[in-house]
There are 4 protein chains.
Amino acid sequence: MRIGILTGGGDCPGLNAVIRASVIKGITAYKDELIGFTDGWKGMLEGTSVTLDVERCRDILPMGGTIIGSSRTNPFSHQDGPGRVAATFAARDLDAVIAIGGEDTLGVAARLADSVGLQVVGVPKTIDNDIAGTEVTFGFNTAVQTATDAIDRLRTTAESHHRVIVCEVMGRNAGWIAIHSGIAGGAAEILVPEEPFDIGEICERIERRHSRGLFSSVIVIAEGAVPLENDDDVASADHGASRRGSGEPAATDQFGHERLGGISNFLAEQIELRTGIESRVTILGHVQRGGTPTAFDRVLATRFGVEAIEACHDGDFKTMVALQAGKIVRLPIATALSAPKTADLSLIHDVAAAFLG
Amino acid sequence: MRIGILTGGGDCPGLNAVIRASVIKGITAYKDELIGFTDGWKGMLEGTSVTLDVERCRDILPMGGTIIGSSRTNPFSHQDGPGRVAATFAARDLDAVIAIGGEDTLGVAARLADSVGLQVVGVPKTIDNDIAGTEVTFGFNTAVQTATDAIDRLRTTAESHHRVIVCEVMGRNAGWIAIHSGIAGGAAEILVPEEPFDIGEICERIERRHSRGLFSSVIVIAEGAVPLENDDDVASADHGASRRGSGEPAATDQFGHERLGGISNFLAEQIELRTGIESRVTILGHVQRGGTPTAFDRVLATRFGVEAIEACHDGDFKTMVALQAGKIVRLPIATALSAPKTADLSLIHDVAAAFLG
Amino acid sequence: MRIGILTGGGDCPGLNAVIRASVIKGITAYKDELIGFTDGWKGMLEGTSVTLDVERCRDILPMGGTIIGSSRTNPFSHQDGPGRVAATFAARDLDAVIAIGGEDTLGVAARLADSVGLQVVGVPKTIDNDIAGTEVTFGFNTAVQTATDAIDRLRTTAESHHRVIVCEVMGRNAGWIAIHSGIAGGAAEILVPEEPFDIGEICERIERRHSRGLFSSVIVIAEGAVPLENDDDVASADHGASRRGSGEPAATDQFGHERLGGISNFLAEQIELRTGIESRVTILGHVQRGGTPTAFDRVLATRFGVEAIEACHDGDFKTMVALQAGKIVRLPIATALSAPKTADLSLIHDVAAAFLG
Amino acid sequence: MRIGILTGGGDCPGLNAVIRASVIKGITAYKDELIGFTDGWKGMLEGTSVTLDVERCRDILPMGGTIIGSSRTNPFSHQDGPGRVAATFAARDLDAVIAIGGEDTLGVAARLADSVGLQVVGVPKTIDNDIAGTEVTFGFNTAVQTATDAIDRLRTTAESHHRVIVCEVMGRNAGWIAIHSGIAGGAAEILVPEEPFDIGEICERIERRHSRGLFSSVIVIAEGAVPLENDDDVASADHGASRRGSGEPAATDQFGHERLGGISNFLAEQIELRTGIESRVTILGHVQRGGTPTAFDRVLATRFGVEAIEACHDGDFKTMVALQAGKIVRLPIATALSAPKTADLSLIHDVAAAFLG
């Protein structure tokens, strides 16, 4: 078979591992030819591609990022976009396309399958772990580990100076990274988008901690967390937005820059104002996206890449691969496009609560 | 409730996270009193213990090892051992014991429940991931990451010198660590106890790799892997042993020292003899057991520790906690004592095979 | 001897290693008694202290932060501060004080030696490496490694999205961290306080890179770097300030919060505006201060701690320990209080320039 | 100029950073042409080479190993070897050769300069840090960090099981790695080739530790350390060898395999025999050579690579680059060929002794 591969949306540790697995599996097991379309759907729209062979995929397993580039280009926003994608598919004599991406990329894949009959297999990808259908996505484990390493570092400096440190992690709509890194890092508070937080209660708990002899606190907050009361324009600025991936522009300035950190700075100011305890902010930002994937993510991404090739050869299109109970399965892409998988709040209420009290 | 905690068998990253979670959850949610028995069942046999309170558990989340010590002491090997354990339970006015350990420790727990009615909840622990009933055990993720980091390092030195490097990892009866670190590290061969290996075939594949321009190979081998042919006393020396945990004495010298590395040195010698390619051995050994747990293991261990306390308060004894499809469940301890969970060989045949061909 | 120890100023990886070394060396070699004054000079001002013995110093070698706390309290800003310090010295029957800190802490030490005859030995400490007299200070190596790890991660995400990423590191007055992490991370630009940067030239070089097929750039900028032209209030806001340690308030808001990132956000905006290339900002912040010290810093801090005890026993007061050409030496504290050690710009012009052209 | 580059001897983190720095500096500053001879002197002997340009050097800064391969081939052991090297130099129209290697590689360079007038600049390289003339060599910092990370891991498992763990690190003739990683890891004993150790005294100190309530010990031993008494064939087997690099064959088996670990296993057995305390061995081996260099080594290697190009353009041949008091200098290659730089034992006697008592 001749199979195209593309990566769309924000990058994520493990993309190269998926590419490598699909390429080597395809070539070794089926003598497939693999073509990498550059910068996501843009590559199929414009017909720009690179050849992917075994040599090209050497040494990329431990590399972060994606060797074929990524973008947020959506063919449905372009004049005759779907038709141009279909034309590329035909002109290149393709039998299938493997689309690696998040909700947006997979949504485009499903619509292209419907509208122009694109033979596509999806591989779900999100740092945030909020795609329905799969227990976990690659990249999430790496992001949590990177955040936990940072929290370990912040804890010691918080303790030395008896400070509150607010550490903002990715997660605009889902608190998975905040919850896992918060539990792993022994955070005093974990604040997530799924549940508005009460600044008054947080301050009370911090003061109670201090009265018990714990003179420092690390608060892990997802970038999409919001306060209960709407008493502040910083807080309200983040509301009402449609669903976006991590790190993508919420409130933006004139250059389209995301303005991360608004909620964290607001929170730190409120805590310092109300409790008198020195508070500082650290926003982890893009370091969570980059770098070498953990062993867990390399294995998961490799399994996804192999299964995607199998799905192509089974003609099992408009599906995506997923992890369920330790097994790789295939599901309709539509599964991923239903409601986002919000975080398991019992992890805060039953597990983390024990440590936050 | 008054609850005892003990850790038995080989140590494992995450033990302290379980202890901390049980202690803080018990105290915070139920005003429990927690007592740590030192060095596994030995502590209950001899009545030696330490008080576990919130202060003692500060800062131990990121620490490897176990603050209450561990040993392989088995009460059933001691004069009136079960009776002495029961006496300690009564004398300390305990309501429950949380036993954190592998097959041996949990087996003792189940037998004590039967013989002297010990009210015990088990928490499964093994680096090797070969306990039935739970999808994964804490410590495994850390061991795989440590092994993968080492393989990443070994690869560059293998490439510089055009060598074969044989990297021996833990796993006397199960190849989980070898398979996961082998896939994550991009190994050329993965050899596991579940499937005897054919040295002739390995040499052929290595020579084929070299003929294709790949002049180095990292072979990941579990310590319990054995060759197909029994043509060598090194190989056969490891056979016929009853089930043992990782790193525990197989062939031993006069001091009871484990003699690790026999199979790896044998393999490297055979490869060098048959192919003429320079071959070296690295045995990772105890570094796989130690050090700070990964974020994944900290979260899993914390969830286990919290659930163990809940099981105690539900009077749900002779059970153990386990992970299934992302949820923490309780199972009869007997589940863990059935056949060991051997590794998923499809990961070698379907996934890794693509990269080894 | 009875010796007091205190740590002042911003925390820094290796403080605990100094404390441990002084305590164990003092006790083992000389049967000294060691007293830790809490939170820097504040502890001597208020007479608050903890006993430091071998047991207390177990396990602290790999820990970031300082177990005796730190603050920026200056006795000379308090009513009869120097007198109160001298009174504590006498009341505790001390023979010497080891003061571990940066320019401020050491400056106070020297003034106290002059004004009230305090018998003090200094140990220089700064993340920023800008203390004169010593080739390098502990903490610097760890900060550079942490920054380099982050840059490694940022590079892959920059490449995937063909972006410019501006990475702000510590260094308000000196560019040591920026230069070393920039060279180690292969940065496209390194901007330091010692040399105002020309935004126009930076944009030209970035466009030249892009025209040569390099579609991403990581720019490492010290927090204290400033642009040549004063065409912007963001840029000018940081000017004119007296000397401050890293991460300390420059422009501050109503709560005294440092407003880090002003210069980086300004630079990213300018680059995006002038070149049209998507630009993002990451501010590493306090993670550079915390966490386990590198092996290099543990060894250096340990040597400093041992030598400080020797200086006490030699009666060699009003000196500080330092590293010169691989040897630990003693110098008058005044050496550290002369002009700050600015970064070696030849590292940018001769070394890094090769890679930036 | 047309400049050849080669890497000889055991590989070492930072080799690629030197190559990259020389290539990019040469091309950018002087429009040099750079040629990489493969596998050390073998490449010049046989005329095998690869072109080194900016593109080839992208992304190699963080990579361990050497992209041009290495070997121990010595032209003086080959029929008309020096003549063939000179012929290659002439045939390729070279103006200079940069030889990156240890005592052997640099020794060959100096002899070739004398015998056939080779215009050569040396860059010293050794994991072991035992080359005279330079304060430190790249690779050493990475090896020490890798060993320290392992010791951190071993400590927790030693503590959990109240064991002695003997950790063998590289260093056949010099104890630099053992001393630095031993101090950084808080080892109970540090044993080096420069000073035979007394097993009886070690056992006494360990028993004294245990009597004081410290129930575990990590002993760091260089592979070349030897016991005082010659009462054992294991110990004596390692004697009498001429100078060798780390990890190179000492006692070898029939396949020329190094037999590492003899001295460590012997020591562990003796300790267990004499004290009754369970003892285990871990031999770090080749992981110390591989993997990504630390920031420190990347900067040092980059500075060396840049300076080597400057030396070529200054016609400053038969010199090598070196680090002295923070500056890069040039010295006659002969400096490196004098007596090896043995470790600073005052670090054991004055610094570490405090912690070993």
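Residues numbered from 1 in each chain as written. Chains lettered and ligands numbered in written order. Predicted model: local features only at pLDDT ≥ 70, side-chain atom pairs only at ≥ 80, totals over all residues.

A. Spatial organisation of the interface of chain B and chain D. Of the residues lining the interface, 34 residues belong to chain B; the matching set on chain D comes to 34 residues. Sort the elements by how many residues they give to the side of chain B that touches chain D and helix 5 (residues 140-161) of chain B lands first, with 10 residues. Within the side of chain B that touches chain D, the residues separate by chemical class into 9 nonpolar, 16 polar and 9 charged. (Contact = placed C-beta atoms within 7 Å. Helix = DSSP H or I, 4+ residues; strand = E, 2+ residues; numbered from the N terminus. Nonpolar A, V, L, I, M, F, W, Y, C, P; charged D, E, K, R; others polar.)

B. Quick peek at the relation of the copies chain C and chain A. When chain C is brought onto chain A, the operation consists of a screw motion whose angular component is 180° and whose axial shift is 0.0 Å, with 0.0 Å RMSD remaining. Here the symmetry operator amounts to a two-fold rotation axis. The overlap is high: 100% of the interface residues of chain C also sit at the interface in chain A, so the same surface is used on both sides. (Least-squares fit on C-alpha atoms with pLDDT ≥ 70 in both.)

C. A look at the relation of the copies chain B and chain D. Expressed as a screw operation, the relation of chain B to chain D combines 0.0 Å of axial shift with a rotation of 180°, fitting to an RMSD of 0.0 Å. By residue overlap, the copies meet face to face through one surface: 100% of the interface positions of chain B are interface positions in chain D.

D. Local environment of the interface of chain C and chain A. With 34 residues of chain C at the contact, the number on the chain A side is 34 residues. Those elements that provide at least two residues to the side of chain C that touches chain A are helix 6 (140-161), helix 10 (262-275) and strand 9 (279-283) of chain C. With 10 residues, helix 6 of chain C is the largest single contributor of residues to the side of chain C that touches chain A. Of the residues belonging to the side of chain C that touches chain A, the class tally is 9 nonpolar, 16 polar and 9 charged.

E. Representation of the sheet that holds strand 4 (residues 96-101) of chain D. All names here are of chain D. Spatial ordering of the open sheet is given by 3-2-1-4-5-10-11, a layout of 7 strands whose pairing is mixed. Strands with a single pairing partner mark the edges of an open sheet, and in this sheet they are strand 3 (49-52) and strand 11 (327-332). Direction aside, neighbouring strands of the sheet carry axes that sit 30° apart on average. Here strand 2 (residues 33-37) runs beside strand 3; their pairing, made up of 4 bridges, is antiparallel. Residue pairing for strand 3: Phe 37 is matched across the bridge by Ser 49. (Pairing = 2+ DSSP bridges. Axes fitted to C-alpha atoms, helices over the stretch in contact; angles between N-to-C directions.)

F. Structural view of the packing of helix 1 (residues 15-30) of chain B against helix 10 (residues 295-313) of chain B. All names here are of chain B. In contact at an axis separation of 7 Å, helix 1 and helix 10 are set at 45° when each is read in the N-to-C sense. Taken together, the axis directions place helix 1 and helix 10 in an arrangement best described as oblique. Relative to helix 10, the crossing made by helix 1 is right-handed. Of the residues in helix 10, those in contact with Ala 17, Val 18, Ile 19, Arg 20, Ala 21, Ser 22, Lys 25, Gly 26 and Tyr 30 of helix 1 are Arg 298, Ala 301, Thr 302, Phe 304, Gly 305, Val 306, Ala 308, Ile 309 and His 313. Of the residues in the contact of helix 1 with helix 10, the class split is 10 nonpolar, 5 polar and 3 charged. (Parallel < 35°, antiparallel > 145°, perpendicular 65-115°, else oblique. Left-handed = near helix turned anticlockwise from the far one by under 90°.)

G. Here's a closer look at helix 5 (residues 103-116) of chain A. Residue and element names in this part refer to chain A. Its 14 residues give helix 5 an end-to-end C-alpha distance of 19 Å, which sits within 8% of 20 Å, the value for a rise of 1.5 Å per residue. Considered for burial, the residues of helix 5 that qualify are Glu 103, Asp 104, Thr 105, Leu 106, Val 108, Ala 109, Ala 110, Leu 112 and Ala 113. The inward-facing, buried residues of helix 5 contact helix 2 (41-46), helix 4 (81-91), strand 4 (96-101), strand 5 (120-124), strand 10 (319-324) and helix 12 (334-337). A positive backbone phi angle near 70° is found at Gly 117, which sits one or two residues after helix 5. (Expected span 1.5 Å × (residues − 1). Buried ≥ 20, exposed ≤ 12 C-beta atoms within 10 Å, placed from the backbone.)

H. Representation of the domain arrangement of chain A in the model. Residues and elements named next belong to chain A. Parsing chain A into structural domains produces domain 1 (2-138 + 293-337) and domain 2 (143-289). Each of domain 1 and domain 2 was reduced to a C-alpha centroid, and the two centroids are 33 Å apart. Considered class by class, the residues forming the side of domain 1 that touches domain 2 number 2 nonpolar, 6 polar and 3 charged. (Domains from an automatic or database assignment.)

I. Representation of the packing of helix 4 (residues 81-91) of chain D against helix 5 (residues 103-116) of chain D within the structure. All names here are of chain D. Across the interface, helix 4 lies against helix 5 with an axial gap of 10 Å and an inter-helix angle of 80°. Here helix 4 is positioned roughly perpendicular relative to helix 5, judged by the angle of their axes. Between helix 4, through Pro 82, Gly 83, Val 85 and Ala 86, and helix 5, the contact on the second element is made entirely by Leu 112, Ser 115 and Val 116. The residue makeup of the contact of helix 4 with helix 5, split by class, is 5 nonpolar, 2 polar and no charged.

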